[in-house]
Amino acid sequence: MKNRSLSFWLFLTPTLVALALVVFIPMLEGLFYSFTDWDGLSFTKMVGFKNYITLLQDKAFVNAFWFTVAFVIVTVILLNVIGLGLALLVTQKFKGSNFLRAIFFMPNMIGGLILGFIWQFIFTQGFDALGSALHLSWLQNWLTNETTGFWGLVIVTVWQMSGYIMIIYIAYLQNIPNEVIEAAEIDGASPWQRFTKITFPMIAPAFTVCMFLTLSNGFKIYDQNLSLTNGGPYNSTQMLAMDIVNTAYNASNFSLAEAKAMVFFLIVAAISLVQVLYNRRREVDL
Amino acid sequence: MNGKFWKHVGLVTAVAGTALTLAACGNGSSNKDVKITILQGKVESNKQFKQIASEYEKAHPNVKIEVTSIGGGTQYDPVLKTRISSGNAPTIFSLDGPASLKQFKSHEADLSDTKAAKAAQPGTLDAVKSEGKTYGLPFNVEGYGFVYNKSVFKKAGIDPKSLTSYDKLDAAVKKLDSEKDKLGIKGVFALPGKEAWVMSDHLLNLYLSKEFDGNAQKLYKSQKMEFAKNAEMKQMLDLQSKYSIKPVMQMDYAAQVNQNFSQGKAAMIQQGDWIYPTVDQIDSKFAQKDIGMIPIPVKEQEGKLPVGTSIYWAVNKQKSNTEQKAAKDFLDWMYTSKEGKKNVVNKLHFVPAYKGYEGMKMSDPLTQVVFDYTNDHKTFGWAFPGYTGTPWDTTVAQPNLQKYLSGKQGWDKTVSNMTDGWASQQKSAQ
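Residues numbered from 1 in each chain as written. Chains lettered and ligands numbered in written order. Predicted model: local features only at pLDDT ≥ 70, side-chain atom pairs only at ≥ 80, totals over all residues.

1. Quick notes on the overall build of chain B
Quick reminder of the rule: Here a helix means four or more residues in a row that DSSP labels H or I, a strand means two or more in a row labelled E, and each is numbered from the N terminus. The quantity called the radius of gyration is restricted to C-alpha atoms. Its globule counterpart is 2.2 Å times the number of residues to the power 0.38. Residues are called buried when their C-beta atom has 20 or more other C-beta atoms within 10 Å, exposed when it has 12 or fewer, and partly exposed otherwise; all C-beta atoms are positioned from the backbone. Each residue is represented by a C-beta atom placed from its backbone, and any two residues with such atoms within 7 Å are regarded as in contact.
Each helix and strand in chain B was counted, giving 20 helices and twelve strands. Here the C-alpha atoms of chain B give a radius of gyration of 23 Å, agreeing with the 22 Å that 2.2 N^0.38 yields for 430 residues. Here chain B, with 430 residues, has 48% of them falling under the buried criterion. Partitioning the intrachain contacts of chain B with sequence separation of at least 6 by distance along the chain shows that 77% fall at a separation of at least 24.

As structure tokens, this is what we get:
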């Protein structure tokens, strides 16, 4: 902390200015507007906490909140389990493991909007054809109700992001020194013991990173939601980010949308920070 | 923040604003060059508007027009708001009904004295009138009904013009359905359950219009929504849903128009004249020869087509007088001059909302239907723009109608949710 020389500030300033311009200032402005009756153009008066009270009674917001929470819980678990599983698979020494890494990572290189449209086709046309061929009725009528909309979103997100999570786990898996594993092997540890007692604790920092990424990403998801279900049917698959955008732009209620965005920010920030602090404590140093 | 501070800010802004306006007026001597900027939301007509603008520039060398079009995935209002708050407001912008009329009030010039406003068809200005003044000029009028496949009806031996009551329609639909295979169709209708607006805007309007005299402004200001004709709407929605290509809840606009109707898989769909370019793109022969439109039979409104306007031009009153005058002149020229009229009909493919187009021929069969019904005064108004800009539309009407359509909720509950939701929105807006 002592060497905050001129060059320190010189290097930091561009980032700070950029952050202030696109994050801090808009946020403070948003905070201010959330206490007014702003309509996106002008405001006539301060309304105190009226917007915050309205949003608590707003069924659509509460519904979006619980939908998003359920989505985050399911995707965080699935993404980390599948991501780690894929990472373990491709770090085994066999032919084609590098090829598989590229394949698993590939979905992540397609934009969320396009992905949503591709999967919409798969769910509505592909699943339907498969369902009628195999006489499996649960494969039909996807995305026409809340349940299939939910699982559709989960499948797309997991399919897209698990490759990315895999890459992070691979990086940490490769950092585990071979001697430790070999020593355990000589001591007679079974593969399962080696995994739970050595590998798992050693990649704890990866958990912190991946949990953070999957958590905040799950809360903030918008593009897949837009292109896959667009919140429908009957707004039942509308997630938090989408509810906020629609409140502002479809219902023209900008100040309420600002209040929702503030609550949204607090939720995501609080959960992510608690998670990071908690997981940090579990990390071990060599 | 205390009130005094904002008072000061307001005062300073007002003073600065006045000073600027005065300065602008000082500059505006009559023969100087004037530049007007247009921001409009009908992106599909972007090229045509630009052509028309350059034609006008040639005839009026001292006027420069810059056209910017927004649409597709981008919504119009946020962009207009951004332009206004960044001090880059357009001279001519557009409004889509009473809600935006109220929202942009501080920027709307009175257009009552323009030639176009005087030539406007009766009723077309109702939605953009306030305290006896007119603040918008309609782009065009549009109409909707059942767009039908002529050869399917011919093969089945049904005259679409004879379907003037619900019972006759019902009988025809059942006949079409029983001969599905022979006629080569997959379903009588294609109802897009995914596009809630097809129900919440167009279908609902048929049964609400009369309650509000087809006047969007009246609906917008009304504290109450009776919705007395709801049983009739249920009947029509059930009929469309029952005899539609399935699954209804998976069908979107593209599936309805592009995949099903344009490829002859549905006998008729509830849509309007705006689908013509899409059908034309897929099968232009079919579009030119084989499609027509009939009114949807509604009691006491039989044989009448719902015709209305979804976008209006407005002129920014915070611009200099010269600029405002040039903008009004341009709009007058576009809709009331001889060259302008030709462009409106042949380039923009608009059904004119103005008088003085009698005897002109529309460019396609669907707009021709709307034009004929308008000339014969067999129309009723659009009340739904009175709620499209309000939260009720997307948070109450659309989800409730979709819930009913997918069998999640009964009709009575749907109706009471809608009418109660309207009352509570209007109460809190006070």
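2. A closer look at the overall build of chain A
On a plain count of helices and strands, chain A comes out with twelve helices and zero strands. For chain A, the α and β elements follow one another from N to C terminus as α-α-α-α-α-α-α-α-α-α-α-α. The principal-axis extents of the C-alpha atoms in chain A amount to approximately 75 × 70 × 30 Å. Within the span of chain A, comprising 286 residues, buried residues form 33% of the whole.

3. With respect to the UniProt feature "domain: ABC transmembrane type-1" (unreviewed entry) in chain A
This is how it is decided: UniProt positions are given in the numbering used here, feature names are shortened, and annotations may be inferred rather than shown by experiment.
The feature "domain: ABC transmembrane type-1" (unreviewed entry), as given by UniProt, occupies residues 65-275 of chain A in the numbering adopted here. Here residues 65-275 of chain A runs as 78% helix and 0% strand, with 19 Å between its end C-alpha atoms.

4. Here's the deal with the interface of chain A and chain B
Here is the rule: Only Asp, Glu, Lys and Arg are considered charged in this grouping, and only Ala, Val, Leu, Ile, Met, Phe, Trp, Tyr, Cys and Pro are considered nonpolar; every other residue, Gly among them, is considered polar.
Every contact between the two is made by 19 residues of chain A and, on the other side, 19 residues of chain B. A class-by-class count of the residues in the side of chain A that touches chain B yields seven nonpolar, eleven polar and one charged.

5. A closer look at helix 11 (residues 240-249) of chain A
Burial analysis of helix 11 of chain A places nine of its ten residues in the buried class, the great majority of the element. All of the buried residues in helix 11 of chain A are L240(A), A241(A), M242(A), D243(A), I244(A), V245(A), N246(A), T247(A) and A248(A). Buried-residue contacts for helix 11 of chain A involve helix 3 (59-91), helix 9 (204-220), helix 10 (223-228) and helix 12 (254-282) of chain A together with helix 19 (391-405) of chain B.

6. Concerning the packing of helix 2 (residues 50-57) of chain A against helix 12 of chain A
For any two helices packed against each other, one specifies the crossing angle of their axes together with the interaxial distance. Residue and element names in this part refer to chain A. Operational definition: Only the stretch in contact is used when fitting a helix axis, every axis being a line fitted to C-alpha atoms; angles between N-to-C directions are given from 0 to 180 degrees. Should an angle lie under 35 degrees it is considered roughly parallel, over 145 roughly antiparallel, and from 65 to 115 roughly perpendicular; all remaining angles are considered oblique.
Two numbers describe how helix 2 lies on helix 12: the axes approach to 9 Å, and their chain directions differ by 75 degrees. On the basis of their axis angle, the class for helix 2 and helix 12 is roughly perpendicular. Packed against helix 2, whose contacting residues are N51, Y52, T54 and L55, the element helix 12 presents S255, L256, A259, K260 and V263 at the interface. Counted by class, the contact of helix 2 with helix 12 contains five nonpolar, three polar and one charged residues.

7. Digging into the pairing of strand 7 (residues 142-149) of chain B
All names here are of chain B. We count it as follows: Paired strands, as defined in this entry, are two strands with at least two bridges between them according to DSSP.
Burial runs high along strand 7: eight of the eight residues are buried. Of the strand pairs in this sheet, strand 7 and strand 10 (residues 305-308) are connected by two bridges, and their pairing is antiparallel. Residue E142 lies in a different strand from strand 10, and its bridge partner there is G308. Pairing of strand 7 with strand 8 (residues 268-272) involves five bridges; the strand directions are antiparallel. Following the sheet pairing, Y144 is matched in strand 8 by G272. Relative to strand 9 (residues 291-294), strand 7 runs antiparallel, the two sharing four bridges. Looking at strand 9, one finds that V147 is bridged to M293.

8. Comments concerning the environment of I186(A)
Residues and elements named next belong to chain A. With respect to the element layout, I186 can be found in helix 7 (residues 178-186). I186 gets classed as exposed once you count the C-beta atoms within 10 Å, which come to 8. When the C-alpha atoms of I186 and K260 are compared, they prove to be 57 Å apart, with 74 residues separating the residues in sequence.

9. Let's talk about the environment of L139(A)
All names here are of chain A. By the element assignment, L139 lies in the loop between helix 5 (112-134) and helix 6 (146-174). Along the sequence, L139 and K45 sit 94 residues apart, while their C-alpha atoms lie 53 Å from each other. With residues up to four places along the chain from it excluded, the contact list for L139 reads F127, L130 and G131.

10. Considering the packing of helix 1 (residues 6-33) of chain A against helix 12 of chain A
Residues and elements named next belong to chain A. Just so we agree on the cut-off: The hand of a helix crossing depends on one turn: near helix anticlockwise from the far one by less than a right angle means left-handed, and clockwise means right-handed.
Between helix 1 and helix 12, the shortest axis-to-axis distance is 8 Å and the interhelical angle comes to 120 degrees. As judged from the angle between their axes, helix 1 and helix 12 are oblique. Considering how the two elements wind past one another, helix 1 and helix 12 form a crossing that is left-handed. Counting all contacts with helix 1, which are made through G30, L31 and Y33, the residues of helix 12 involved are S255, E258, A261 and M262. A breakdown of the residues in the contact of helix 1 with helix 12 according to their chemical character gives four nonpolar, two polar and one charged.

11. Regarding the domain arrangement of chain B
All names here are of chain B. Stated formally: Segment limits for the domains were obtained from an automatic or database-derived domain assignment.
Considered domain by domain, chain B is made up of domain 1 (31-141 + 309-357) and domain 2 (142-308 + 382-428). In this complex, domain 1 contributes 14 residues to the contact, which on the side of domain 2 involves 15 residues. Sort the elements by how many residues they give to the side of domain 1 that touches domain 2 and helix 4 (residues 98-103) lands first, with three residues.

12. A short note on the UniProt feature "transmembrane region" (unreviewed entry) in chain A
All names here are of chain A. Feature annotation in UniProt assigns "transmembrane region" (unreviewed entry) to the following positions: residues 7-28, 64-90, 102-122, 150-172, 198-219 and 261-278. Annotation note: span residues 150-172, helix share 100%, strand share 0%, distance between end C-alpha atoms 32 Å. Regarding residues 198-219, the helix share stands at 95% and the strand share at 0%, and the terminal C-alpha atoms are separated by 32 Å.

13. What about the nonpolar core?
Note the following rule: For this entry, the nonpolar core is defined as buried Ala, Val, Leu, Ile, Met, Phe, Trp, Tyr and Cys residues connected by C-beta atoms within 7 Å.
Formed by 120 residues in total, the largest nonpolar core has its most connected members in V147(B), A266(B), A267(B), M268(B), F330(B) and V370(B). Of the residues forming this core, the biggest block, eight residues, is contributed by helix 9 (residues 196-208) of chain B. When we break this core down by domain, the ones giving at least three residues each are domain 1 (31-141 + 309-357) and domain 2 (142-308 + 382-428) of chain B. Excluding its chain neighbours within four sequence positions, the residues that come into contact with V147(B) are M268(B), I269(B), Q271(B), I275(B), I291(B), M293(B) and L366(B). One finds W119(A), F123(A), A241(A) and F254(A) within the second-largest nonpolar core, a separate group that totals 35 residues.

14. What to know about unusual backbone geometry
A cis amide bond links K246(B) with the next residue in sequence, P247(B), at an omega value of -10 degrees. Checked against the element boundaries, P247(B) lands in the loop between helix 11 (230-242) and helix 12 (253-261). A positive phi angle, close to 55 degrees, is found at H135(A), a residue other than glycine. Residue classification places H135(A) among the exposed residues on the basis of 8 C-beta atoms within 10 Å. In the Ramachandran plot, F227(B) falls in the positive-phi region, its phi being about 55 degrees despite a non-glycine side chain. Following the sequence through the fold, F227(B) ends up in the loop between helix 10 (216-221) and helix 11. C-beta crowding within 10 Å serves as the criterion here: with 17 such atoms nearby, F227(B) is assigned to the partly exposed category.

15. Details of the confidence of the model for chain B
Residues and elements named next belong to chain B. To keep it simple, the criterion reads: On a scale of 0 to 100, pLDDT captures the predictor's confidence in every residue.
Scored by pLDDT, chain B comes out at a mean of 89, with 92% of its residues at no less than 70. A low-confidence stretch, residues 1-7 stays under pLDDT 50, and its non-local contacts, those more than four residues away or across chains, total one contact. The low-confidence segment residues 9-30 (pLDDT under 50) makes six contacts with residues lying over four places distant or belonging to another chain. Scoring the predicted complex yields pTM 0.85 and, for the interface, ipTM 0.81.

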